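Survey of secondary and tertiary structure
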Amino acid sequence: MPALSQEAPAATPTNDLDLSSAQQNIAASSVLQSAPEANINLGGVVRTVGAADMLTAAEMVAVRQVLATGTQFLQLNEQGVAVGGGFRVSYYAAGLNNLVVPEGVRVSQDAALLQSLNLTGNLTNAGTFNIFSSNAAVNSATVNASNIYNNVTGTITSSLANLNLNAINNIVNAGSITSAGNLSMSAGGSIVNALPAGVAAMSPIMQAAGTMNLMASSIVNSGLISSLTGNINVNSMTAANIAINNLGGVMQALHGAINVRDASYNLSHDITLSGGDYLSRELNLYSGHGTVEVNVGKLTGVMTSVAEILHLQADTPVLTLGDQCLYGDPTYANTGAINIAGALTITGGPLVIAAGTNILSTNTGASITNNGNNIYLIAGATVNTGSCTGCANNAGTSFSGTNPSGTGLMTAGTITIDFSSGSGGNIDFSGITGGSTASTATLVLDASNTTSGGGGNVLLAARANGGTGGQILFPTSSVSINTSGRGAGSAGGSVTVIAGSASTSDSSPAVQLGTVITSDSGAAVGNTTSTTTAGYVLYSRFSQAPSTCCHLPYLHPCRNNASMLKFSNRLLLSNMSLADAADTM
C-alpha cells in the first residue's frame, strides 16, 4: 500500500466508520469543506461528489484521500462499499464509535501518530488490521473497544514490541491475531479463539513471538494460542474463578511456561482446565485456597500447583509432577506414565496417583509427603475404560480418556481403575526399570504422623501384562515407606504391596523394598526389608472385600474416601488364585 503521509488529519464526520455499509448517511459538505467537488472511483466508474451529496463511510474516506493526496487508495464497488485497498485509521480516530473493516481491506494504525485507538463501540475486522510505527522510539500500541471481533478472514498483526488489545466485554477471534513482540489481551467477559458454529475454515490462531498475556476469567480455545519464545500468562481482571475451555485446542509455549495466576496468589478462587493439549516446559497452577480441576489431553510440561483441592486427569505419554502444595484431596490419573519430579506435599486427605503405565521418578529431590493420611499408587491398569460393572460404589461413569488431539473430554466425577486389562506398568523408584526413562530418585512415601495420631495407610499396586510391568521397586539402602504413628496408642498405618510380576530372578525381582516403618510412636521398630519374588506381598490386612473393579471416586473432604477404595482381579496381580487372595484379605 503506498504511503499516506500527505493525508491530512481532520475530524471524522461520523461516529461510525463502517466500511462495509452501503448506507449514505454522511454529508459530503462536511468532507469537502472549501473544495467544490472531488472525483472518486466506484467499481471503475468515476463519481463526481458535490457539497449537496451524501456519502457512505467508505466514500467519505475515498474523498478525503483524493483531496489530501490526489490518489484514492481505498477501492470501492458500485454501492460505495470498500472491497480492497486501504487507509490509515490514525487520521480518522477522533470520536470513533464502531469501526468495521470488510474482507480484502487493509487498515493501518501508525503508533507514532496514534498510540492508542479508543473506540467507544466495537472493532469488527474481516480484513487486515496492521499496527506499526513510523518512529522507532514508539514501539507499543493499544486498541481499546467495547468488543473486539476478528472474523474468519480477519488478521490483526503488529510489528511492535508490545501490542495490547483491551475489551470491556469480549475478545472473539476466528481468524489470526499475531504480534512480533509481546501480545496482551484483556476482557471483562471472555477471550474466545474459536470458529463460529458450523463454519469450516482454518483453525484460529493467537500468537506472540514473545510473551502472551491473557486477562479474563473465561477463555475458550479450539485453535492455537501460542508463545514462540516466552510464556503464556493467564489471569483474571478481578479476583474470580478462571475457566479455560481448551476442547479441541492447543495452548503452546514450547520454550517457556504456561502460568495460571502466579505464586503470590493467596485467595480462594478455582481454576478449571477442560480438554485439549497444553504443550510447554512447565504448567504452573496457583489457586490459593481454591480448587483446581484439570481434565486434558497432552500435558508435556512439569506441572506444579498450589491449591486446596486438586483433581487431574490427562491423556499424555508422560505426566510429570513437579512441586505440589495442596491442603487436601489430590487425585492424579493419566493414561500414560507418571513421573514424580518434585516434592508432593499434602496436608490433609488421601492421595491417589494412577498411571496407565509406569510410576517413576527421575529427580533426586522428589518426595511424597502426606502426613497422617493415605497414599495410593496404582500402575499399569486401564484408566480409560468404559463404565465399571459390579462395583458397589459405582455412583457415576468411569474415567474415560481423551484422544491425543484433545477433541473429547474425560467424564469427570469418578475414576475407575480396571485391573482386568491394561498395558502393565511398574512402580519404580530404584533405577532398575522404567522403560526409556529410568528412575534415579531415592523417593520416600511418607504417610507418618508428625504431630499426634495414627499414620496413614500406603497401598502400592502394579499390574503385569505378560512380561511387561508388575514390579514394585525401591532402593534397598534407605527407608522406602514410613507410616508410623505418634503418641501413646497411635497405630502406624498399614502397607499393602500388590505386584503382578511372576519374576523369580533376584536381578529383576517382583518386589524390592528398602526399610518399611509401620511402627507406633515414630520408633523404627517392626521394620521390613524385602526382595521377595513371590509376586504378591501383603504387609498388613486391607479391610475391604474383593470386588470386580477398582473404584477411585473423586476425593472430597465430605466423603469417607478410604472406605470407597476397592480392588479386583487379584489373580491378574498375583501368583495366587483369586480365592487365596480373598482368604488372605
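Right above here is the structure, for reference.
One structure accompanies this document, and this report is about it. Given the structure is predicted, the values throughout are model-derived calculations rather than measurements.

In the structure shown here, the tally under the stated rule is two aromatic pairs. Residues Phe 87 and Tyr 92 carry aromatic rings whose centres are separated by 5.2 Å and whose planes lie at 90° to one another, so their mutual orientation is edge-to-face. What makes Tyr 92 buried here is its relative accessible area of 0%. Aromatic side chains Phe 429 and Phe 474 sit 5.3 Å apart centroid to centroid with 75° between the ring planes, which places their arrangement in the edge-to-face category. With Phe 429 in the loop between strand 42 (427-428) and strand 43 (445-446) and Phe 474 in the loop between strand 47 (472-473) and strand 48 (479-482), this pair connects stretches of sequence that are 45 residues apart.

The subject of this paragraph is the pairing of strand 29 (residues 277-286). In terms of burial, strand 29 is largely enclosed, as eight of its ten residues are buried. Direction of pairing for strand 27 (residues 250-260) relative to strand 29: parallel, over a ladder of eight bridges. Its bridge partner lying in strand 29, Ala 253 is registered against Ser 280. Inspection of the sheet shows strand 29 paired to strand 31 (residues 302-307) by five bridges, in the parallel sense. Each residue of the ladder has a partner; that of Asn 284, found in strand 31, is Thr 304.

Moving on to unusual backbone geometry. Of note in this structure, Gln 33 is not a glycine but carries a positive phi near 55°. With respect to the helices, strands and loops of the structure, Gln 33 is situated in the loop between helix 1 (29-32) and strand 3 (37-42). When its relative accessible area of 62% is taken as the criterion, Gln 33 is described as exposed. Even without being a glycine, Arg 261 presents a positive backbone phi close to 65°. Of note, Arg 261 is situated in the loop between strand 27 and strand 28 (271-274).

Take the pattern of salt bridges next. In total, this model carries one salt bridge according to the counting rule given. The salt bridge involving Glu 59 is made with Arg 47; its shortest N-O contact spans 3.0 Å. Highlighted residues: Glu 59 in helix 2 (residues 57-69) and Arg 47 in strand 4 (residues 45-50), separated in sequence by twelve residues. Given a relative accessible area of 1%, Glu 59 falls into the buried group. In this structure Arg 47 comes out as buried when scored by relative accessible area, which is 17%.

This next bit is on the environment of Gly 493. Tracing the backbone through its elements, the reader meets Gly 493 in the loop between strand 48 and strand 49 (495-499). Each C-alpha atom of the pair Gly 493 and Ser 519 lies 8.0 Å from the other, and the pair is 26 residues apart in sequence. With sequence-adjacent residues up to four places away left out, Gly 493 is seen in contact with Gly 455, Gly 456, Asn 457, Thr 483 and Thr 518.

Each value, and the rule that gives it
- Residues numbered from 1 in each chain as written.
- Predicted model: local features only at pLDDT ≥ 70, side-chain atom pairs only at ≥ 80, totals over all residues.
- Heavy atoms only, no water.
- Phe/Tyr/Trp six-rings, centres within 6.5 Å; stacked < 30°, edge-to-face > 60°.
- Buried < 20%, exposed > 50% of the residue type's maximum accessible area, 1.4 Å probe, protein only.
- Helix = DSSP H or I, 4+ residues; strand = E, 2+ residues; numbered from the N terminus.
- Pairing = 2+ DSSP bridges.
- Salt bridge = Lys/Arg side-chain N within 4 Å of Asp/Glu carboxyl O.
- Contact = heavy atoms within 4.5 Å.

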